[in-house]
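Structural features, examined
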Amino acid sequence: MDENNPNRSRRMVLGGMAGGLLAGAVAPAVAQSPGNGMATAAAAPLTNPVNAYPRPPFPSQQQPWPGLASRMNPRPDHGETSYKGSGRLRGRKALITGGDSGIGRAAAIAYAREGADVAINYLPAEEEDAREVAALIRAEGRKAVTIPGDIKDEAFCKRLVEESARLLGGLDILVNNAARQVSQDSILDITTEQFDETFKTNVYAMFWITKAAIPLMKPGATIINTSSVNAYDPSENIIDYASTKGAIMIFTKGLAKQLAAKGIRVNAVAPGPFWTPLQVTGGQPPEKLPSFGKDTPMGRPGQPAELAGVYVLLASAESSFATGQVYGAVGGNGGP
Ligand code: NAD
Ligand code: MG
């Protein structure tokens, strides 16, 4: 938080005063007009999104890929203590790839708090993060299924979907979220192996998993793919990754048209910079990590918790006329 920002301190004092006055002045009027679904309690204080979460500079840090959220400093906020559900996904069955950490974990926690049973996929090296997520899902009284394995393998992708559906008792929500991102300043340093690995993880696995999932899905089911601001405004140091994110965006729009008549909606989320293990394991040049997110108009990266609501909205029937759409959350830069 930017404790040295005088505007912030002043705003916080004024915000606190306004909140206090509001509570006294408005509460009786609200209490007299119940019945329209509005809460009768005083309004929650407004939160300034600019200062709501950690801002750069961040401590220098690197982990071997794929990394653990639990070893990041500061620890990402996936909504562990903040996300409050209201039954929006009651009884739904969801599979989330990369559900152990970062954006996928925020979706997993939110889905469980909204009443869904959740299967997560991740790599065996991420077991520690995955266990934390499974415990959080079970704490909501929901079923948690953990299926580690490498989605670069087509046969595994098929098994992953089948096992998830079998153990959950169906499949209503698929979130294709896992990804590989390796920063290289020059195209000359991107090996064929890296290019292949990035496309296999980000594009082929989405294709294989989606293909296996569709025959198991009923009308009302939803598919949500994680694209990126890089699909629209690519960073120069991750052109292979950015190309996969463009492919995901187009795949989403095309498949949405194909599946609309079946009642299966397909949408994508396009995050800007988010504070996750992807970034501290080679996704960003190590020397640039301390200033990660500084160049957004908000001056900070997003925290995974700030995307949870978008994944919930796209999974729920509340967005029933939205398909083939890309929802951005980028702190003000670029985006769909
Ligand atoms: P993350 O590291 O927490 O999640 C990525 C996950 O991908 C890992 O947890 C891992 O489980 C999974 N994964 C990678 N390779 C795999 C493989 N071969 N087999 C199985 N699982 C594999 O990072 P994140 O930032 O939360 O990433 C989630 C999604 O968000 C990705 O699609 C990423 O491209 C996208 N995204 C992230 C940012 C950002 O700034 N963090 C910005 C835009 C888009
Ligand atoms: Mg992870």
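Described below are features of the structure shown in this document. Predicted model only: the values in this text are computed from it and were never measured. (Residues numbered from 1 in each chain as written. Chains lettered and ligands numbered in written order. Predicted model: local features only at pLDDT ≥ 70, side-chain atom pairs only at ≥ 80, totals over all residues. Heavy atoms only, no water.)

**Here's the deal with the site of ligand 1**
Filter applied, for reference: Whether a residue is near a molecule or strand depends on its heavy atoms: if one lies within 4 Å, it is near. Polar contacts, as used here, are pairs of N or O atoms within 3.5 Å; protein pairs need one atom able to donate a hydrogen and one able to accept it. Residues neighboring in sequence count only if both atoms are side-chain atoms. In short, Shrake-Rupley with a 1.4 Å probe defines the accessible areas, and a residue's cover is counted only from the protein chains shown. For helices the rule is a DSSP run of H or I covering at least 4 residues; for strands it is a run of E covering at least 2, with both sets numbered from the N terminus onward. All residues other than Ala, Val, Leu, Ile, Met, Phe, Trp, Tyr, Cys, Pro, Asp, Glu, Lys and Arg, Gly among them, are scored as polar; the first ten of these are nonpolar and the last four charged.
Close contacts around ligand 1 come from 32 residues, with S101, E126, Y241, T276 and Q279 the closest. At 2.8 Å, a side-chain N or O of D100 approaches an oxygen atom of ligand 1. In the model, an oxygen atom of ligand 1 is placed 3.4 Å from a nitrogen or oxygen of the G102 main chain. Compared with its free state, where it exposes 800 Å², ligand 1 has 98% of that area covered by protein. Contributions of two or more residues to the shell around ligand 1 are made by α2 (102-113), β2 (117-122), α6 (239-259) and α7 (277-283). Of the residues contributing to the shell around ligand 1, the split by class is 14 nonpolar, 13 polar and five charged.

**Quick word on the sheet that holds strand β5 (residues 222-226)**
Quick note on the threshold: Between any two strands, pairing holds if DSSP finds at least two bridges. Interaxial angle, 0 to 180 degrees, is taken between N-to-C directions of lines fitted to C-alpha atoms, where a helix line uses only the stretch in contact. Here, two residues are considered to be in contact whenever any of their heavy atoms come within 4.5 Å of each other.
Strand order in this open sheet of seven strands is β3-β2-β1-β4-β5-β6-β7, and the pairing throughout is parallel. Only two strands of the sheet have a single partner each, and these edge strands are β3 (144-148) and β7 (326-329). In this sheet, adjacent strand axes meet at a mean angle of 15 degrees when their direction is disregarded. Helix-sheet contacts for helix α5 (residues 192-213) involve β1 (93-97), β4 (173-176) and β5, and the interaxial angle to β4 is about 170 degrees. Helix α8 (residues 308-315) contacts β4, β5, β6 (265-271) and β7 of the sheet and is inclined by roughly 170 degrees relative to β6.

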